[in-house]
Every structure is written in C-alpha cells, then in structure tokens.
Amino acid sequence: MAHIPDGLLSAPVLIGGGFLAAGGVALGLRRLDERMIPRTALLAAAFFAGSLVAVPVGPSSVHLLLAGLMGVMLGPATFLAVLVALLLQALLFGFGGLTTLGVNTVNIALPGVLCGMALGPVIRSTPRASLRFAAGAAAGALAVLGTGGMVALSLWLSSSDFAPAARVVIATYLPLALVEAFVTGAVVSFLARVQPEALRPVTS
C-alpha cells in the first residue's frame, strides 16, 4: 500500500522525503495557471476517492493511484493534487500518516510526473489512436511500478529488516500496474477524442 503509516520510517528518510515534497509542491505552484485549478481539484478528488478503496493482494493491499494520468494532465501540479488528497485522508480517515506525508507524496507523485514528462508529448502529438492508448497505458503502469519501487526503497532505507516486506510490496503492485495501464490508456484515448486540451498541462 502506498500510504506508509507513521512510525515505520527513519528520520533521515522522513526529512529527505519532506524536502523533496516541498520542492515538488513549490515547482507545481510556480507552474500552476489559474485555468489548471479546477482540473487539479478534480483529479485530486478522483485520487482521494479511488485510493480509499483498498483491494487485498496477498499479505498487503493495493488501490488506484492514477499518478500516470495526473502526470499527463497536470505535470508538476500532480504534487499539489497528491499532497492535498493525502493530507485529507490522513486527517479524516487515518490513512497513511502526518510525519510520512512528504515521503508518501513523493512516492506517488514523482513517478507520475516523470511518466507525464516522458510520454505526455507522445500522447498529445500522435494521430494514431493505438499508439496513444499504448503510451497512456505505459504511463499508468510505469507510474505504479515506480511508486511500488519507491515505497520499497523508503522501507529498505529506513531499516534492512524491512527488506522482505519491500519485496512483497513490489510484487503486489504488479497486478495494479495492469489495471492502471488499462484505465489510463482508456481515459487518455477518450479525452483525446472529446477534449484534447485536457491532456495538455497549462502553465503560467
């Protein structure tokens, strides 16, 4: 599960995650145009709702992240959407934690932003529907795998005792990657037909 609770991570990991999250949020705010605010709020709400539904997978559980989709549609503003949603989940439902808010934000948002940077231009420019779907699917799957890897790395860096749990985390994210691949590919394909401008982050 991407929501690492309080009390598991070491102080250096928490501090490093906090600084990285602050940098990502600052970049997102600097790039945010007022026309992007409704879209950012909508995707934050979708992530908030989707990630509340956890599906058991082996000894762990997974939930929708939508990070790849947010990366394509929001760019760096993904950090803002994820931070707000995680903060509300921690305060309202006890998901994750407050001390791990920075680490959790980075683990979810950073892979999505990187996938959006790498595959967003292909999604927006190609005239081929099949290539657009494939690029969207790749963004969704790679963002999930990136999050799984970063969660595992956060645990391992905190204590080598978490190494077995880190391997389990990576394994449980494989089926989620397939689901997110289909969801992201289908959404970007639909938006490209009905509202292609929604796939282009607007920056000030």
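Sequence order sets the numbering: in each chain, residues are counted from 1 along the sequence as written. Under the rules for a predicted model, residues below a pLDDT of 70 receive no local features and side-chain atom pairs below 80 are neither given nor counted, while totals for whole chains, interfaces and linings still include all residues. Hydrogens and waters are ignored; side-chain quantities use all the structure's heavy atoms.

Q: Just to check I follow, could you spell out the packing of aromatic side chains for this structure?
A: Aromatic rings in a pair are described by how distant their centres are and how their planes are angled relative to each other. Only the six-membered ring of Trp is used, alongside the rings of Phe and Tyr, when aromatic pairs are assigned; centres must lie within 6.5 Å, and planes under 30 degrees apart are stacked while those over 60 apart are edge-to-face, with the rest tilted. As enumerated under the stated definition, the model contains 2 aromatic pairs in all. Arranged with centres 6.0 Å apart and planes meeting at 50 degrees, the rings of Phe-48 and Phe-93 form a pair that is tilted. Placement of Phe-48 in helix 2 (residues 37–50) and of Phe-93 in helix 4 (residues 78–93) is noted, with a sequence separation of 45 residues between them. We call a residue buried when its accessible area falls under 20% of the maximum for its residue type, exposed when it is over 50%, and partly exposed in between, using a 1.4 Å probe and counting protein chains only. We classify Phe-48 as buried; its relative accessible area is 18%. Cluster of aromatic residues (ring-pair linked, three or more members): Phe-48, Phe-93 and Phe-95. Numbering of helices and strands runs from the N terminus; a helix is a DSSP stretch of H or I covering at least four residues, while a strand is a stretch of E covering at least two.

Q: How do you make sense of the packing of helix 1 (residues 11–31) against helix 5 (residues 101–125) when you look at a structure like this?
A: Packed helices, taken two at a time, are described by the angle between their axes plus the distance between the axes. To obtain an axis, a line is fitted to C-alpha atoms, over the contacting stretch when the element is a helix, and the angle between two such axes runs from 0 to 180 degrees between their N-to-C directions. Put simply, helix 1 and helix 5 touch, their axes get as near as 7 Å, and they point 60 degrees apart. Taken together, the axes of helix 1 and helix 5 are oblique relative to one another. Note that helix 1 runs across helix 5; the crossing there is left-handed. Across from Val-13, Leu-14, Gly-17, Gly-18, Leu-20 and Ala-21 in helix 1, the residues of helix 5 making contact are Gly-102, Val-103, Thr-105 and Val-106. To sort the angles, those under 35 degrees are grouped as roughly parallel, those over 145 as roughly antiparallel, those from 65 to 115 as roughly perpendicular, and the leftovers as oblique. Should the near helix be turned anticlockwise from the far one by less than a right angle, the crossing is termed left-handed; should it be turned clockwise, right-handed. Should any heavy atoms of two residues lie within 4.5 Å, those residues are counted as being in contact.

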